[in-house]
Amino acid sequence: MFLPDGSQDQIGKILLKKQHVYQIFNDVAVSRGFKAIETPVIEYADTFTNPHIGMPFQQLLKWFDREGEIEVLRPDWTTAIARALMKLNPKESKWFYQGSVFTQDKDGIESRQAGIEMIRTAPNEGEIETLCFAIDYLSAVDVSDYVIELGHTGIYETIIAPLTLTVEKEAKLRLAMHDKRQDVVKDLTEKNPRVQKQLLDLIDAYGDVSILERYKATYQADETIVTIVNELIQLVNVLKQLGIDKTIVDLGRVKQLPYYSGTMFTGYLTTSGEECFSGGRYDKLYQQFNQSISAIGLAFDVDVLASAVEMDERGRVAILASVDTHVLAELKRRTISGKIVDILYTEPNISDYEQIIDLRNEGTK
Ligand SMILES: N[C@@H](Cc1c[nH]c[nH+]1)C(=O)O
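Residues numbered from 1 in each chain as written. Predicted model: local features only at pLDDT ≥ 70, side-chain atom pairs only at ≥ 80, totals over all residues. Heavy atoms only, no water.

- For the chain, an unreviewed UniProt entry supplies the name ATP phosphoribosyltransferase regulatory subunit and the organism Halolactibacillus halophilus.
- Quoted straight from UniProt, the Subunit (unreviewed entry) entry for the chain says "Heteromultimer composed of HisG and HisZ subunits."
- Under Function (unreviewed entry), UniProt gives the following word-for-word description of the chain: "Required for the first step of histidine biosynthesis. May allow the feedback regulation of ATP phosphoribosyltransferase activity by histidine." (UniProt positions renumbered as here; feature names shortened; annotations may be inferred.)

Topic: a nonpolar patch on the surface
- A contiguous nonpolar surface patch, about 240 Å² in accessible area, is contributed by V41, I42 and W63.
- Its place among the elements puts V41 in the loop between β1 (35–36) and β2 (42–44).
- Residue V41 is classed as partly exposed on the basis of its relative accessible area of 36%. (Patch = residues over 30% accessible without salt bridge, like charges linked within 9 Å, V, L, I, M, F, W, Y side chains within 5 Å. Areas by Shrake-Rupley, 256 points an atom, 1.4 Å probe, with all protein chains shown as cover. Salt bridge = Lys/Arg side-chain N within 4 Å of Asp/Glu carboxyl O. Helix = DSSP H or I, 4+ residues; strand = E, 2+ residues; numbered from the N terminus. Buried < 20%, exposed > 50% of the residue type's maximum accessible area, 1.4 Å probe, protein only.)

Describing the site of the ligand
- The immediate surroundings of the ligand are formed by 15 residues, with D76, T78, E117, Y259 and Y260 found nearest.
- At a separation of 2.6 Å, a nitrogen atom of the ligand approaches a polar side-chain atom of Y260.
- About the coverage of the ligand: the protein hides 91% of its 300 Å² of free accessible area.
- At the level of secondary structure, the elements contributing two or more residues to the shell around the ligand comprise β6 (110–119), β11 (275–281) and β12 (295–301).
- Among the residues forming the shell around the ligand, the class breakdown is seven nonpolar, six polar and two charged. (Near = heavy atom within 4 Å. Polar contact = N/O pair within 3.5 Å; in protein donor to acceptor, adjacent residues only side chain to side chain. Nonpolar A, V, L, I, M, F, W, Y, C, P; charged D, E, K, R; others polar.)

Details of the packing of helix α1 (residues 12–31) against helix α4 (residues 125–140)
- At a minimum axis distance of 10 Å, the contact between α1 and α4 shows a crossing angle of 135°. As far as their axial angle goes, α4 and α1 are oblique. Seen from above, α1 lies across α4 with right-handed handedness. For the pair α1 and α4, the contacting residues are V21, I24, F25, V28 and A29 in the first and F133, D136, Y137 and A140 in the second.
- Of the residues assigned to the contact of α1 with α4, the class counts are eight nonpolar, no polar and one charged. (Axes fitted to C-alpha atoms, helices over the stretch in contact; angles between N-to-C directions. Parallel < 35°, antiparallel > 145°, perpendicular 65-115°, else oblique. Left-handed = near helix turned anticlockwise from the far one by under 90°. Contact = heavy atoms within 4.5 Å.)

Examining the packing of aromatic side chains
- Tallied over the entire structure, the rule returns 13 aromatic pairs.
- Chaining the aromatic ring pairs together yields one cluster made of F25, F34, F96, F133, Y137, F277 and F300.
- The lysine or arginine in question, R74, covers the ring of W77, its NZ or CZ lying 3.7 Å from the ring centre. (Phe/Tyr/Trp six-rings, centres within 6.5 Å; stacked < 30°, edge-to-face > 60°. Lys NZ or Arg CZ within 6 Å of the ring centre and 35° of its normal.)

A closer look at the sheet that holds strand β3 (residues 62–64)
- Strands sit in the order β2-β4-β3 across an open sheet of three strands; the sheet is antiparallel. Unpaired on one side and paired on the other, β2 and β3 mark the two borders of the sheet. Between one strand axis and the next, the sheet turns by 35° as a mean value, whatever way the strands run. (Pairing = 2+ DSSP bridges.)

Quick notes on the pairing of strand β14 (residues 340–344)
- Pairing of strand β13 (residues 316–320) with β14 involves five bridges; the strand directions are parallel. Note on β14: the bridge partner recorded for R316 is I340.
- In this view, the connection linking β13 to its parallel neighbour β14 by way of helix α12 (residues 326–333) has right-handed handedness. (Right-handed = clockwise from strand over helix to strand, strands pointing away.)

Some words on the environment of E190
- Locating E190 in the fold gives a position in the loop between α7 (182–188) and α8 (193–204).
- C-alpha separation for the pair E190 and L200, spaced ten residues apart in sequence, amounts to 12 Å.

Thoughts on the packing of α4 against helix α10 (residues 223–241)
- Contact pair α4 / α10: the axes reach a minimum separation of 11 Å and the direction vectors enclose 35°. Of the two elements, α4 crosses α10, and the hand of that crossing is right-handed. Where α4 abuts α10, its residues E127, I128, L131 and I135 lie against L235, V238 and L239.
- A per-class count over the contact of α4 with α10 returns six nonpolar, no polar and one charged.

As for the UniProt feature "binding site: L-histidine" (unreviewed entry) in the chain
- The positions that UniProt labels "binding site: L-histidine" (unreviewed entry) are, in the present scheme, D76, W77, T78, Q113, E117, Y259 and Y260.
- Looking at where T78 falls in the secondary structure, it is placed in helix α3 (residues 77–88).
- Apart from the residues within four sequence positions on either side, T78 is in contact with Y97, E117, Y259 and Y282.
- Mapped onto the fold, Y259 is located in the loop between β9 (248–250) and β10 (263–269).
- Here Y259 falls in the buried class, since its relative accessible area comes to 4%.
- When near neighbours in sequence (up to four residues on either side) are disregarded, Y259 contacts I53, D76, T78, T79, R281, Y282 and L285.
- Of note is the side chain of Y259, whose polar atom sits 3.5 Å from the side chain of T78.

If you want it as structure tokens, here you go:
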């Protein structure tokens, strides 16, 4: 009642957990040399729907402004930050942000993200730093049950290069790859059996990291594919050295956001299967500004992380007081640290408190 579908009030513990997740993110980002950035919540739709970005128009929350321009609530931080950095032209390359994004394709309209973007960082420097950040941050919020999945836009793009597909068919094929629909992929590629076979192989190329060596052996004649797979192997080794040995790969994974152009990574919570972060390289996004700037980043899903983190429960103390002893109770409250202290004029439920201090008659005797 009184709220649009998908909008939510937030209260209590889960809200505290979100703030905790944001706070730690802030600390980790600052200590790793990232600089804070915030873009406005309201932007022009074109920033996100222009052909370089290609976010679907129907996903956006939009309206007309007085001049007849279409404005939207920020649907994506990465795109907004690129726009802002082009305008501000700062010398720094490492940026972090936190706040909501609004789209109509998820259950809730508003979701909260905390993310980083690094510009002017080549493969695999940017990939390694971004993944190191993810591991560092997840350990700081005490989330340890997760797996990282690696993918790359380049293999699929290389394989489909010989096809001449209409934009519509290309979108269908991408969706079929995303859904791992072998039957649809077969139909769409029936005129090119070689590409068809390669795409069907690609759909199957997911699971543990041993797939990488096998895939490389099958495609050893293709230099582009071998280079990509070697980059991914390097990342797997880095992750291993950092104690992350459950990495998985999905070589057939197609980009969910149109701007990705290289490595993509997703973190999943093992307990719930939910996505807790995702990101990747997007070296072509800056082409819309006639700039050639490499970039990579990732965003954590704050709502998902908040539901996974545990926060220490602080004990509760009640100080019973009256109007006459309220100040005394306040002075007492200041001497108690590490606890939640309530000052009450009426007796509470005893089981809600680990200690009850009665100051109601203090000083009045
Ligand atoms: N903006 C992406 C995450 C990302 C940050 N940088 C690159 N990718 C998302 O919302 O999923």
